[in-house]
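A look at the structure
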Amino acid sequence: MRLAQSPAVRVGLSISIATGLYGVSFGALSVTSGLDFWQTMALSLLLFSGGSQFAFIGVVAGGGSGVAAMSAATLLGMRNGIYGMQLNALLQPRGWRRFAAAHVTIDESTATSTGQTDPAEQRRGFWTAGIGIFVLWNLFTAVGALAGAALGDPKQWGLDGAAVAAFLGLLWPRLKGREPAAIAVVCAVATVLAVPVVPAGVPILVAAAVAAAVGWFSHGRTDEGLEPDVDPYADQHRGHESRRSPGEAS
Amino acid sequence: MTLWLWLLLSCVLAYAWKLVGYLLPASLLRNPRMSRIAGTMTIGLLASLTVLNTVASGQSLTLDARLGALAAAAVALWFRAPFLMVVLAGAGAAAGLRLLGWN
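To keep things clear, this report deals only with the structure shown in the data block. (Residues numbered from 1 in each chain as written. Chains lettered and ligands numbered in written order. Predicted model: local features only at pLDDT ≥ 70, side-chain atom pairs only at ≥ 80, totals over all residues. Heavy atoms only, no water.)

As for the overall build of chain A
In terms of regular secondary structure, chain A is built from 13 helices and 0 strands. Listed N to C, the secondary structure of chain A is α-α-α-α-α-α-α-α-α-α-α-α-α in terms of helices and strands. Taken over 250 residues, chain A has a buried fraction of 57%. Summarising the internal contacts of chain A: among those between residues at least 6 apart in sequence, 74% fall at separations of at least 24. Split by element, the accessible area of chain A, about 10100 Å² in all, is 65% carbon and sulfur. (Helix = DSSP H or I, 4+ residues; strand = E, 2+ residues; numbered from the N terminus. Buried < 20%, exposed > 50% of the residue type's maximum accessible area, 1.4 Å probe, protein only. Contact = heavy atoms within 4.5 Å. Areas by Shrake-Rupley, 256 points an atom, 1.4 Å probe, with all protein chains shown as cover.)

Dropping the structure here:
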């Protein structure tokens, strides 16, 4: 099959463009959070996991310590380990490809791959989305970081509001049904209660502990919260499997 | 300089999480408790980060223009706006409210 005719390649390219573009907001937010240009680029080049990157700069922006920023980013990266197991079973990369595949294992490349049924298409989808997003995400991080430094007071442009919106945007698609919404509310309340009594950066670890305890003791769906940040098949799902609002039962 | 240290350590640990999935036997994937904790923790962390960025200023809680950003983003998400639009809605609401004088 010609590459241009592969549905997985087309989905992978469109998700690359959509995801890559919001690297601009990461770059701009990162430099206004107090990181310099190269620290920002190091996160996009080496860490390469949107949620964890936003978590790192979010904690730094809130006055948290480096160790708290690292903890938040690392805990949020846990799900990539689960994705790795899924993709290893699905694609079975060998040799150096396994190490390259690990680096581009993120929400979007996993979703693009697991959304396909044909093994060859699963492989094409994974590599197209993984490499495409890596290239564009880093390119647009650089653009955002350079523009962000020239913006002046970030509050004037509402960049702190952009961070709030970005986190809500990452959380929103995971709130399908009553239970994930309840977990989110409990962790949000735990965070608010913790802010005045513990050092900056620690409230997020309190919330993580609460969430882990809920996961340990409860019996819901096992894939809860592991939905990708951006659903590459949103258009195809629309109509018969639309996103439910948090208030409705699943 | 110490920020660099924690940053690079974060990068190493992020890659370690990813790689460990490829190196572990796939049978662990069938442990429902492990994948469930990964899921609830993702929700909890994102909820915590959303709230922190909305109301926290260091160790105190404040209600300011960021609350408007949260509301605007929720409205945009409700109408299924693309991610970039949601982020712009949040930034626009915060900037607009400050222009109107609400810190």
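Focus on the pattern of salt bridges
In this structure the tally under the stated criterion is 5 salt bridges over all chains. In this structure, R98 of chain B engages D160 of chain A in a salt bridge whose closest nitrogen and oxygen atoms are separated by 2.6 Å. Placement of the pair is R98 of chain B in helix α4 (residues 83-99) and D160 of chain A in helix α10 (residues 159-171), with the two residues belonging to separate chains. Residue class for R98 of chain B comes out buried when judged on its relative accessible area of 16%. (Salt bridge = Lys/Arg side-chain N within 4 Å of Asp/Glu carboxyl O.)

A word on helix α8 (residues 107-114) of chain A
Residues and elements named next belong to chain A. Summarising burial for α8: 7 of the 8 residues are buried, a large majority. By the burial criterion, the buried members of α8 are D107, E108, S109, T110, A111, T112 and S113. Looking at the buried residues of α8, the elements they touch are α1 (7-21), α6 (78-91) and α9 (119-149).

Quick look at the interface of chain A and chain B
With 101 residues of chain A at the contact, the number on the chain B side is 68 residues. A combined buried area of about 7500 Å² lies between chain A and chain B, and 75% of that area is made up of carbon and sulfur atoms. Inspection of the region where chain A meets chain B yields 2 salt bridges. At the boundary of chain A and chain B, one finds 16 residue pairs in polar contact (both at pLDDT 80 or more). For the side of chain A that touches chain B, the secondary structure elements donating two or more residues are α3 (37-47), α4 (50-61), α5 (66-76), α6, α7 (96-103), α10, α11 (178-194) and α12 (202-217) of chain A. Counting residues per element, the side of chain A that touches chain B draws most heavily on α10 of chain A, which supplies 12 residues. (Buried area = accessible area lost by both parts, 1.4 Å probe. Polar contact = N/O pair within 3.5 Å; in protein donor to acceptor, adjacent residues only side chain to side chain.)

Describing the packing of aromatic side chains
Residue and element names in this part refer to chain A. According to the stated counting rule, one finds 7 aromatic pairs over all chains in the structure shown. A ring pair is formed by F48 and F134, whose centres lie 5.0 Å apart and whose planes are at 85°; its orientation type is edge-to-face. Of this pair, F48 sits in the loop between α3 and α4 while F134 is found in helix α9, placing the two residues 86 residues apart along the sequence. The buried category is assigned to F48, whose relative accessible area is 2%. On the numbers, 5.2 Å between centres and 80° between planes, the contact of F126 with W127 is edge-to-face. Of the residues examined, W127 reaches a relative accessible area of 23% and is grouped as partly exposed. (Phe/Tyr/Trp six-rings, centres within 6.5 Å; stacked < 30°, edge-to-face > 60°.)

Thoughts on the packing of α4 of chain A against α5 of chain A
Residues and elements named next belong to chain A. Interhelical geometry of α4 versus α5 gives an angle of 160° and a closest axis separation of 8 Å. As far as their axial angle goes, α5 and α4 are roughly antiparallel. Helix-helix and strand crossings are classified by hand; for α4 and α5 the assignment is right-handed. Taking contact as the criterion, the partners of G51, S52, A55, F56, V59 and V60 in α4 are, on α5, A68, A69, M70, A72, A73 and L76. Classifying every residue of the contact of α4 with α5 by side-chain character gives 10 nonpolar, 2 polar and no charged. (Axes fitted to C-alpha atoms, helices over the stretch in contact; angles between N-to-C directions. Parallel < 35°, antiparallel > 145°, perpendicular 65-115°, else oblique. Left-handed = near helix turned anticlockwise from the far one by under 90°. Nonpolar A, V, L, I, M, F, W, Y, C, P; charged D, E, K, R; others polar.)

Quick word on unusual backbone geometry
All names here are of chain A. The phi torsion at F48 lies on the positive side, around 45°, for a residue other than glycine. Phi angles above zero are rare outside glycine, and Q92 is one such case at about 45°. Note that Q92 resides in the loop between α6 and α7.

Some details on the nonpolar core
Judged by nonpolar contacts, the single largest core of 72 residues is most densely connected at L35, L43, F54 and F56 of chain A. Counting residues per element, this core draws most heavily on helix α2 (residues 32-55) of chain B, which supplies 9 residues. Every residue in contact with F54 of chain A, bar those within four places of it in the chain, is listed here: Y22, S25, F26, L29, W137, A166, F167 and L170 of chain A. Within the second largest apolar cluster, 7 residues are counted, among which are A165 of chain A together with A76, L77 and V86 of chain B. (Core = buried A, V, L, I, M, F, W, Y, C linked by side-chain atoms within 4.5 Å.)

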